[in-house]
Each structure stands twice: as C-alpha cells, then as structure tokens.
Amino acid sequence: MIRKKSMIRCGDNSGTGFGNSTSDAASFWVKTLSSRLSHLGTAPPPEQHSSATTSSIEALDEKERVLQGIIDPIWSRYYDEERALESILEGFREHRGRQEHTVGSLLATIRHYRNGLVSITRLPPEILTGIFIFSVQMVRPKDWIGTSRTISHVCKRWREIALDCPKLWSHIDLEHDPRWLERIIERSRSVPLLLLGGNEVEMVREPTALVANNMHRFESIDMCIADSEEHDAYLPEIFSQPILALRHLTFTSYHNHSLYAFPHDFLGGWAPNLRHIKLETESAHVPWNSGLFTNLTTLEVYGAWYDECSVVPRGFSSFRMLLDALVKMPGLEHLVLRHCIPPAYTMTEYIDVDLPNLERLELAGPLNSCANLLTQITINASATLDLDFQGFRELTLWDVRIPGCRAL
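Residues numbered from 1 in each chain as written. Predicted model: local features only at pLDDT ≥ 70, side-chain atom pairs only at ≥ 80, totals over all residues. Heavy atoms only, no water.

**Re the overall build of the protein chain**
For the protein chain, the helix and strand inventory stands at 12 helices and 14 strands. By the burial criterion, 35% of the 408 residues in the protein chain qualify as buried. Considering only intrachain contacts with a sequence separation of at least 6, the fraction spanning at least 24 residues in the protein chain is 70%. Carbon together with sulfur atoms contributes 56% to the accessible area of the protein chain, which is approximately 24,900 Å² in total. (Helix = DSSP H or I, 4+ residues; strand = E, 2+ residues; numbered from the N terminus. Buried < 20%, exposed > 50% of the residue type's maximum accessible area, 1.4 Å probe, protein only. Contact = heavy atoms within 4.5 Å. Areas by Shrake-Rupley, 256 points an atom, 1.4 Å probe, with all protein chains shown as cover.)

So, in structure tokens, the structure goes:
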C-alpha cells in the first residue's frame, strides 16, 4: 500500500506511475491497444487508415450516382404516365358533362311535351296573361314582383308569357337591389310604373339613379317615411320635378317623435293628372295651399288623435287653408278627414264649399271642428256620411244640429 501511494504521488496527472516520462506512458498505451487488437490482425498505420476511408467514400458516391441514374428515368416515366392518366381522366369528365347536358336537355324536352298535355298549358297566351295579372293583383303591392317571379319559374312556356307581359313587372320597390331594379325596368318596357318606398317597419333606401331617370313613367307613388332626417336627404332630390303621368299618391309617416313636414314643393307643387291623395300620418304637416290639392276626386287624410280641448293639432295648417283647398276640388267624390280638421277659432267669414259630386264624406275629430266644417260645405243629398265625433260617440247625426250643412 505504501508503494502504490508513492507511485501515484510521484507520477504525473495521468496516474500511470511512470513518473515524468511522457514517452514511457505513450509506449504503454500503444502496447496495450496493440495487444487488445491482436485478434483483429495488425492495426494499419494512420496514413493507411485515412486512405481507406477516402476510398470508401468515393465508392459510396459512385454507387449513389449509379442508383440516381437508374431512378431518374423511372421517375420520369412515372410522371409522364401520371400526366397521361390525368389527361384521360379529364377527357372522361368532359364526356360525362356532355352526356349529362344531353340527358338534361332530353328530360326538359320530355317535361315540355308532358306539360303540353295539361289543359291549362293549352290555353292561349292572352288568357294566361289575364290569369297572371289577376294573380298578382290579389297580393300586396310589395309582393307583386315576388309573385311575378314565381309565375315565371313554373315552366318554359309560362316564363316566356310572363316575360312578354310588361304589366307583371310594373312595380318598382326601392328596397330591391339596383341590379334587380334595372332588370325589372327593362322588362316593364314602356308601361306606367308604381313606385314603392319602404314599409311599415323598415327604412327605404336611397333610390338609385336608374329609378330617378324613370320618374316620368310613374303613375302611382306609395311612400312610407320612418325617419325624417334620413328622407330629407334625398326626397327633395328625387321628387322635386313634376310627374305628368302621376294619378295616385300615398304618403305614410311613422315618425312620431318630431314633426315631419310633408314637402310643400313635393313634385314641384304641380301634378296635373293627380286624382287620388292619401296621407296617413301621426305628425305630418299638410300644406293645404300646395298645388297638389287641385282637381282631386279622392282625398283621404288620417291624422293623430288629439283632445277636443287642444289647440290647433300639431303639424296641421289652419282651418281657412283647408277650406281654400276644398274649393279647388269641386270634383271630389270621396273625402275622408280623420283627426286632422283644425279648430276654427279665428274663422269669422263664411265660405261656401260646393261639392256636388261627393259620394262619401267621412269625418272624425272633436265635435266643434267637424260641425264647423259641415257648416261650410254643400253636398249631394244621396251622399253617405260617416261621422265620428270625438267624445260624443253616443250621439247620432240627427242629434247634432248643423244649420249650415245643406243638401242639393
């Protein structure tokens, strides 16, 4: 034990016990490795080992080049065959598409001849056109175009007849897509049109230039206003010019929170062929001095309910302006004024409003307002009166003395 420790202490860091002789240590390890590799034969010198490794790498590279030369033609033939198969498959697809188109055409022809055996398809086009028009007249104006589209999608013959009937496409809704509006106007040809703007709950959109350019063709306008600020932006622009063909005007306002003024210069204040006006509003202003209230045959104004003790109803003009407007409408046949007659607080003179052609008179509102109007007008003895006196519903016409109301 003392000798071993001395050897380790006297040796270098390698712990071999050979003292400071580096060559002795190297010789020891060479002998040891040589003895352990003796069963493998004599170990080659370092320079011979490096040369053998280089030769092996070169041999492997050569084998890789040989294999690559064999594989490349195989892959090339595979790609060529794959492209050829894809071309054949595409040809099969095209052939299948042509066959399916041929089968579809044959089936359509068979259905066409089968439909020709049905009695309704053998009707003359004139009768079918009348049936189609009657069908669209049975629905709401907003559903007119939708019904026409449904009719045109039934069969080929019905579609040809429907597309050849301009009246089926005579309703223009501002809520339609502009591209669809263009197609509808094209199908309507030159027949008079009906313009629809909005409905009971939705805002109408800003009309396109296409609609504005065809305003001269509109025979009827049905506008629904839901928000005055939005409509003030484009109403004056679209409806600033007279429409000579206009005969019916319906104006509905559901803007309850602020006064929406019916445009005084609506249509330029002049529509020579306008005969029917219907205003249904809760807060709209009625410009009785507008040129539109001239030569009408039907006038209907539905205003907001108000209390008998209230002052002039919100948004409506004076009683004198109403009488002046009625004087300019001697041809009135139907007159409806519900909750829109201004009180005659400042009325001091009598104006005789002669309505010889009046067939129906409907008034609703405070008793004093209705009575003041009846004292100013002269109506036909056969005219029908419908009076709804606010706050006096239990009274009849005979219970109310109206000394100024006369019959011809």
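**Thoughts on helix α12 (residues 367-374)**
Taking burial as the measure, the eight residues of α12 include six buried ones, the bulk of the element. The complete set of buried residues in α12 reads L367, S369, C370, A371, L373 and L374.

**Overview of unusual backbone geometry**
With phi around 60 degrees, R189 is a residue other than glycine that occupies positive phi space. Inspection of the secondary structure puts R189 in the loop between α7 (178-188) and β2 (193-197). One non-glycine residue with positive phi stands out, namely H339, at about 55 degrees. Within the secondary structure layout, H339 lies in the loop between β9 (334-338) and β10 (353-355).

**What about the nonpolar core?**
Within the largest apolar cluster, 72 residues are counted, with the highest numbers of intra-cluster contacts made by F293, L299, L337 and L373. Looking at this core element by element, the count peaks at five residues for helix α11 (residues 319-327). For L337, the residues in contact, after removing those within four places along its chain, are W288, V301, L322, E362, L363, A364 and L373. (Core = buried A, V, L, I, M, F, W, Y, C linked by side-chain atoms within 4.5 Å.)

**Here we look at the pattern of salt bridges**
Scanning the entire structure with this criterion turns up 12 salt bridges. The salt bridge involving E362 is made with R360; its shortest N-O contact spans 3.7 Å. When its relative accessible area of 30% is taken as the criterion, R360 is described as partly exposed. With a shortest N-O distance of 3.2 Å, D386 and R360 are connected by a salt bridge. (Salt bridge = Lys/Arg side-chain N within 4 Å of Asp/Glu carboxyl O.)

**Description of the pairing of β2**
The element β2 is extensively covered by neighbouring structure, given that five of its five residues are classed as buried. The alternating pattern of β2 places L193, L195 and G197 on one face and L194 and L196 on the opposite face, and all of these are buried. Tracing the backbone out of strand β1 (residues 171-173), into α7 and back to the parallel element β2 gives a crossover that is right-handed. In this sheet, strand β3 (residues 218-225) lies alongside β2 in parallel orientation, the contact comprising five bridges. Bridging from a neighbouring strand, G197 pairs with M223 of β3. (Right-handed = clockwise from strand over helix to strand, strands pointing away. Pairing = 2+ DSSP bridges.)

**Remarks on the packing of helix α4 (residues 125-137) against helix α6 (residues 156-163)**
For the pair α4 and α6, interaxial distance at closest approach is 10 Å and the crossing angle is 75 degrees. Of the possible angle classes, the one that applies to α4 and α6 is roughly perpendicular. Along its contact with α4, which presents P125, L128, T129 and F132, the element α6 presents R157, W158, I161 and A162. Among the residues making up the contact of α4 with α6, the classes are represented as six nonpolar, one polar and one charged. (Axes fitted to C-alpha atoms, helices over the stretch in contact; angles between N-to-C directions. Parallel < 35°, antiparallel > 145°, perpendicular 65-115°, else oblique. Nonpolar A, V, L, I, M, F, W, Y, C, P; charged D, E, K, R; others polar.)

**Quick look at the pairing of strand β6 (residues 276-281)**
Burial of the side chains of β6 is restricted to one face: I277, L279 and T281 are buried, whereas none of H276, K278 and E280 on the reverse face is. For strand β4 (residues 248-253) and β6, the ladder comprises six bridges, and the chain directions are parallel. Pairing of H248 across the sheet is with H276, part of β6. As defined by bridge partners, β6 adjoins strand β8 (residues 298-302) across five bridges and the pair is classed as parallel. Bridge pairing in β8 places K278 opposite E300.

**Side note on α11**
Residues F319, L322, L323, A325 and L326 constitute the buried set of α11. Viewed along the axis of α11, the buried residues span an arc of 160 degrees, placing them on a single side of the element. Where α11 is buried, its residues meet β9, β10 and α12. (Arc of directions from axis to C-beta.)

**Looking at the packing of α11 against α12**
Packing of α11 against α12 leaves a shortest axis separation of 11 Å and a crossing angle of 40 degrees. By crossing handedness, the relation of α11 to α12 is classed as right-handed. Taking contact as the criterion, the partners of F319, L322, L323 and L326 in α11 are, on α12, S369, N372 and L373. (Left-handed = near helix turned anticlockwise from the far one by under 90°.)

**Some remarks on the side chain of S148**
You can see S148 is positioned in helix α5 (residues 144-152). Not counting chain neighbours up to four residues away, the residues in contact with S148 comprise V136, L168 and W169.

**Side note on the packing of aromatic side chains**
For the structure shown, the criterion picks out six aromatic pairs. Ring centres of W75 and Y78 lie 5.8 Å apart, and the angle between their planes is 85 degrees; on these two criteria the pair is classed as edge-to-face. With W75 and Y78 both in helix α3 (residues 46-115) and three residues apart, the pair spans about one turn of that helix. In this structure W75 comes out as partly exposed when scored by relative accessible area, which is 46%. An aromatic cluster is defined as three or more aromatic residues linked by ring pairs; in this entry it consists of W75, Y78 and Y79. Sitting above the plane of the W180 ring, R149 keeps its charged end 4.5 Å from the centroid. The lysine or arginine in question, R187, covers the ring of W169, its NZ or CZ lying 4.7 Å from the ring centre. (Phe/Tyr/Trp six-rings, centres within 6.5 Å; stacked < 30°, edge-to-face > 60°. Lys NZ or Arg CZ within 6 Å of the ring centre and 35° of its normal.)

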